[in-house]
Amino acid sequence: MLVVMSKRATPEQIDAVVAAIEAKGCTARPIPGGQRVAIGVLHNPGAMDAAYFMTFPGVKDAIPVTRPYKLVSREFQPKNTVVRIGDVSIGDGGLSVIAGPCAVESETQALTIARLVRQAGARMFRGGAFKPRTSPYSFQGLGEEGLKILARVREETGLPVVTEALDHEVFDLVERYADIIQIGARNMQNYTLLRRAGRARKPVLLKRGLSATIEEWLMAAEYILEGGNPQVILCERGVRTFAHHSRNTLDLSAVRVVMKESHLPVIVDPSHAAGRRDQVIPLSRAAVAVGASGLMVEVHHAPEEALSDGAQSLYPEQFDELCRQVQAISEVFRDPRKDQAARG
Ligand code: PEP
Ligand code: MN
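Residues numbered from 1 in each chain as written. Chains lettered and ligands numbered in written order. Predicted model: local features only at pLDDT ≥ 70, side-chain atom pairs only at ≥ 80, totals over all residues. Heavy atoms only, no water.

A. How the structure looks around the side chain of Ser246. Tracing the backbone shows Ser246 in the loop between β12 (232-236) and α8 (252-261). Here Ser246 falls in the buried class, since its relative accessible area comes to 10%. In terms of polar contacts, Ser246 uses its side chain to reach the backbone carbonyl oxygen of Asn248, at 2.6 Å. Once residues within four sequence positions are removed from consideration, Ser246 is found in contact with Ala273, Ala274 and Gln279. (Helix = DSSP H or I, 4+ residues; strand = E, 2+ residues; numbered from the N terminus. Buried < 20%, exposed > 50% of the residue type's maximum accessible area, 1.4 Å probe, protein only. Polar contact = N/O pair within 3.5 Å; in protein donor to acceptor, adjacent residues only side chain to side chain. Contact = heavy atoms within 4.5 Å.)

Here it is as structure tokens:
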């Protein structure tokens with residue numbers, strides 16, 4: 001249920017509705033809008049009676065919420081969420097490109113790649129310090145040393161950094177160093193980790209699970225918002241299908257569905273979807289044409305020597321080309337009516 005207050009509702013009238021919601025054992029979550037306040041009802045055990053709320057002075061409407069997700073839904077918040085990290089905004093209608101290696105391997109490696117991707121137009125740097133690897137024998141990341149290198153990259157290049165919090169144990173540490181905390185595909189339904197992300201004071205990049213439905217993905221984001229962190233960016237990175245011509249299958253229609261269902265920004269990771277570099281530029285073009293708010297791309301100055309995901313990492317010249325192409329596409333689609341179209 002969403003209780004919409006009239007434009008002229010007084011703070012006392014809003015408080016009275018909040019008290020009535022809480023008296024029913026539910027949680028009231030006021031959502032200030034440009035024009036009016038709406039109050040979301042959370043934790044209700046069953047359907048709520050809209051007519052009851054209509055009897056309160058100052059109430060304009062009481063709308064049953066039809067979706068299982070609430071705080072992330074457009075029903076609760078029609079206006080797009082814009083996540084801001086320094087002077088980078090994600091979800092404001094522009095295009096933000098995040099790039100870097102799969103894993104931070106050394107200070108020289110990270111700085112070399114960061115300078116190259118910044119030069120090409122990347123607005124943020126990515127690199128894992130704690131890596132989720134299929135094999136326990138594969139490179140697991142540099143751990144805290146990797147985070148320290150990321151901090152030096154930020155200092156040196158001015159690029160904000162995105163890195164993964166692999167588990168609860170390292171979350172505090174990652175939160176201290178990262179500008180955006182990544183929750184990886186394998187952890188999308190790690191509910192205790194999602195709750196911890198809900199208490200974080202930094203934006204969270206939530207990747208879609210390996211075979212998650214859109215509803216499961218949005219419910220995972222709901223955990224983070226319900227926990228008190230509204231700064232969530234969703235990232236489509238391909239799902240597992242029967243196909244073997246790519247590592248995963250990039251689900252671009254999911255981007256449109258998420259844009260329609262949720263106010264949260266959605267970006268695309270073509271690298272983990274493709275698993276091979278020859279598909280990364282075409283998939284990036286498609287993602288931007290479909291309306292993604294950004295891209296997250298793996299780039300390495302020497303992919304054949306990369307300690308993880310070398311086959312899908314672009315050479316720096318390819319990343320230059322990618323930036324040129326997606327910039328041109330994003331300008332074609334830059335349209336003030338875009339948000340409206342996404343909803344309709
Ligand atoms: C990554 O971004 O390097 C990564 C491990 O991604 P995912 O969780 O999507 O597999
Ligand atoms: Mn990777």
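B. Broad picture of unusual backbone geometry. In the Ramachandran plot, His43 falls in the positive-phi region, its phi being about 60 degrees despite a non-glycine side chain. As for its placement among the helices and strands, His43 is situated in the loop between β3 (37-42) and α2 (50-54). Backbone geometry places Asp309, a non-glycine residue, at a positive phi of 55 degrees. With respect to the secondary-structure elements, Asp309 resides in the loop between β14 (294-298) and α11 (316-333).

C. Representation of helix α10 (residues 280-290). For α10, the complete set of buried residues consists of Val280, Ile281, Ser284, Ala287 and Val288. The buried residues of α10 occupy an angular sector of 120 degrees when the element is viewed end-on, so they sit on one face. Positive backbone phi, approximately 115 degrees, marks Gly291, located one or two places after α10. (Arc of directions from axis to C-beta.)

D. Here's a closer look at the packing of aromatic side chains. Applying the stated criterion across every chain yields a total of four aromatic pairs. Grouped by ring-pair contacts, the aromatic residues Tyr52, Phe53 and Phe56 constitute a single cluster. Above the ring of Tyr52, the side-chain terminus of Lys24 is found at 4.4 Å from the ring centroid. (Phe/Tyr/Trp six-rings, centres within 6.5 Å; stacked < 30°, edge-to-face > 60°. Lys NZ or Arg CZ within 6 Å of the ring centre and 35° of its normal.)

E. The arrangement of the domain arrangement of the protein in detail. You can read the domains of the protein as domain 1 (2-63) and domain 2 (83-343). Computed from C-alpha atoms alone, the centre-to-centre distance between domain 1 and domain 2 is 36 Å. (Domains from an automatic or database assignment.)

F. Local environment of the site of ligand 1. The full set of residues close to ligand 1 is Cys102, Arg126, Lys131, Pro132, Gln182, Gly184, Ala185, Arg186, Lys207, Arg237, His272 and Glu298. In this structure, an oxygen atom belonging to ligand 1 sits 2.8 Å away from a side-chain N or O atom of Lys131. Arg237 has a polar side-chain atom sitting 2.6 Å from an oxygen atom of ligand 1. Contact with the protein chains removes 98% of the 290 Å² of surface that ligand 1 exposes when unbound. The class makeup of the residues in the shell around ligand 1 is three nonpolar, three polar and six charged. (Near = heavy atom within 4 Å. Areas by Shrake-Rupley, 256 points an atom, 1.4 Å probe, with all protein chains shown as cover. Nonpolar A, V, L, I, M, F, W, Y, C, P; charged D, E, K, R; others polar.)

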